[in-house]
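# Examining the three-dimensional arrangement
Listed below, chain by chain, are the residues.
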Amino acid sequence: DAGITQSPRHKVTETGTPVTLRCHQTENHRYMYWYRQDPGHGLRLIHYSYGVKDTDKGEVSDGYSVSRSKTEDFLLTLESATSSQTSVYFCAIRTGVVTGELFFGEGSRLTVL
Amino acid sequence: GNSVTQMEGPVTLSEEAFLTINCTYTATGYPSLFWYVQYPGEGLQLLLKATKADDKGSNKGFEATYRKETTSFHLEKGSVQVSDSAVYFCALTTQETSGSRLTFGEGTQLTVNP
């Protein structure tokens, strides 16, 4: 079974500080994604990766950067956190090569004060 | 572009009631359709899927039929249980979509009372 570990699971930080969220997968899935979940918006894609060092923007990428130096790790960085980035962040991997379904991690809850 | 519209929630039902959560979509290309469920404090789990017109996805008593003519993928269950209380998301992807990303609806909160 696919496995994803997100860390940290909970974080409280102050406006203007940098934050990095980590997503680690236990298998060699090529595609990895970062989504944010907010009430009234469902899940919105921030960035995704289609291989080591290959990343692209999603629909809400402003204020975020990502890196993927190894197949198993996908990092999401907020260079200078703002209160509007308070959210629950989900990492996902594409397990359905043909059908396209994603497998999600348990989420990282970020609060920016 | 792609978009998914779900019926507005929240939805509150009594145990053993019939459930329908409406989902309609617009898509560039030929989509695969999904329902995900999110239990409190957890991530999203794939509930069911359908990849071509008239396919019926089913799991745990839930069903949804891919209706190309009405661009719909409504979720149904004949008799809900308290344990079905969760948020349900309709989603789609197409091969034409860059990164094979999923596009999600806003989610529908379901509460089932004993």
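Calculation notes
- Residues numbered from 1 in each chain as written.
- Chains lettered and ligands numbered in written order.
- Predicted model: local features only at pLDDT ≥ 70, side-chain atom pairs only at ≥ 80, totals over all residues.
- Heavy atoms only, no water.
- Salt bridge = Lys/Arg side-chain N within 4 Å of Asp/Glu carboxyl O.
- Helix = DSSP H or I, 4+ residues; strand = E, 2+ residues; numbered from the N terminus.
- Buried < 20%, exposed > 50% of the residue type's maximum accessible area, 1.4 Å probe, protein only.
- Contact = heavy atoms within 4.5 Å.
- Buried area = accessible area lost by both parts, 1.4 Å probe.
- Polar contact = N/O pair within 3.5 Å; in protein donor to acceptor, adjacent residues only side chain to side chain.
- Nonpolar A, V, L, I, M, F, W, Y, C, P; charged D, E, K, R; others polar.
- Pairing = 2+ DSSP bridges.
- Axes fitted to C-alpha atoms, helices over the stretch in contact; angles between N-to-C directions.
- Disulfide = S-S within 2.5 Å.
- Core = buried A, V, L, I, M, F, W, Y, C linked by side-chain atoms within 4.5 Å.

On to the pattern of salt bridges. Throughout the structure, instances matching the rule amount to 9 salt bridges over all chains. Residue A:Glu106 pairs with A:Arg9 through a salt bridge whose shortest N-O separation is 2.9 Å. Of the two residues, A:Glu106 sits in the loop between β10 (102–104) and β11 (108–112) while A:Arg9 sits in the loop between β1 (4–7) and β2 (10–13), which places them 97 residues apart along the sequence. For A:Arg9, a relative accessible area of 31% gives the class partly exposed. Put simply, B:Lys77 and B:Asp84 hold a salt bridge, and the shortest N to O gap is 2.7 Å. Judged by relative accessible area, B:Lys77 falls into the buried class, the value being 10%. For B:Asp84, a relative accessible area of 6% translates into the label buried.

With that settled, consider the environment of B:Phe104. Mapped onto the elements of the fold, B:Phe104 is located in strand β11 (residues 103–104). Separated by 15 residues in the primary sequence, B:Phe104 and B:Phe89 place their C-alpha atoms 6.6 Å from one another. Every residue in contact with B:Phe104, bar those within four places of it in the chain, is listed here: A:Tyr35, A:Leu43, A:Phe104, B:Val4, B:Tyr36, B:Leu44, B:Phe89, B:Cys90 and B:Ala91.

A few words now on the interface of chain B and chain A. Accessible area lost when the parts come together is the quantity often used to give the size of an interface. Across the contact, 21 residues belong to chain B and 23 residues belong to chain A. Contact with chain A buries area across many residues of chain B, yet B:Leu44, B:Arg101 and B:Phe104 alone supply 28% of it, more than any other trio. In this assembly, chain B and chain A are joined by 1 salt bridge. At the surface where chain B touches chain A, the tally comes to 4 residue pairs in polar contact (both at pLDDT 80 or more). Of all elements in the fold, only β5 (32–38), β6 (44–50) and β10 (86–93) of chain B reach the threshold of two or more residues within the side of chain B that touches chain A. Tallying contributions element by element places β5(B) first for the side of chain B that touches chain A, with 4 residues. Partitioning the side of chain B that touches chain A into residue classes produces 7 nonpolar, 10 polar and 4 charged.

With that out of the way, let us pick up the sheet that holds strand β7 (residues 64–70) of chain A. Residue and element names in this part refer to chain A. If you walk across this open sheet you meet the 4 strands as β1-β3-β8-β7, and the pairing is antiparallel. Both outer strands of the open sheet, β1 and β7, are each paired with one neighbouring strand and no more. Across this sheet, the average inter-strand angle for adjacent strands is 15°, counted without regard to direction. Pairing analysis gives 4 bridges linking β1 to strand β3 (residues 19–25), with the strands arranged antiparallel. Across the sheet, the residue bridging to Thr5 is His24, located in β3.

Turning to the sheet that holds strand β7 (residues 56–59) of chain B, a few remarks are in order. Residues and elements named next belong to chain B. Overall, antiparallel pairing links the 4 strands, which are arranged β3-β9-β8-β7 in an open sheet. Pairing within the sheet leaves two strands with one partner each, and these edge strands are β3 (19–21) and β7. For this sheet, the mean inter-axis angle between neighbouring strands, taken without regard to orientation, is 15°. Relative to strand β9 (residues 75–77), strand β8 (residues 62–65) runs antiparallel, the two being bridged by 3 bridges. Bridged to Ala64 within β9 is Leu75.

Looking now at the state of the cysteines. Residue and element names in this part refer to chain A. Under the defined criterion, the tally for this structure stands at 2 disulfides over all chains. One disulfide bridge connects Cys23 with Cys91, the sulfur atoms lying 1.9 Å from each other. When the S-S torsion is -70°, as for the bridge of Cys23 with Cys91, the disulfide is left-handed. Of this pair, Cys23 sits in strand β3 while Cys91 sits in strand β9 (residues 87–94); the two residues are 68 residues apart in sequence, bridging distant segments of the chain. The exposure classification of Cys23 matches that of Cys91, with both residues buried.

This part is about the nonpolar core. Residue and element names in this part refer to chain B. The biggest cluster of nonpolar side chains holds 26 residues, and the ones touching the most others in it are Trp35, Leu47, Leu48, Phe73, Leu75 and Tyr88. Those elements that place two or more of their residues in this core are β2 (11–14), β3, β4 (23–26), β5, β6, β8, β10 and β12 (108–113). Residue contributions to this core peak at 4 residues, all from β10.

No statement about biological role is implied by the geometric values presented.
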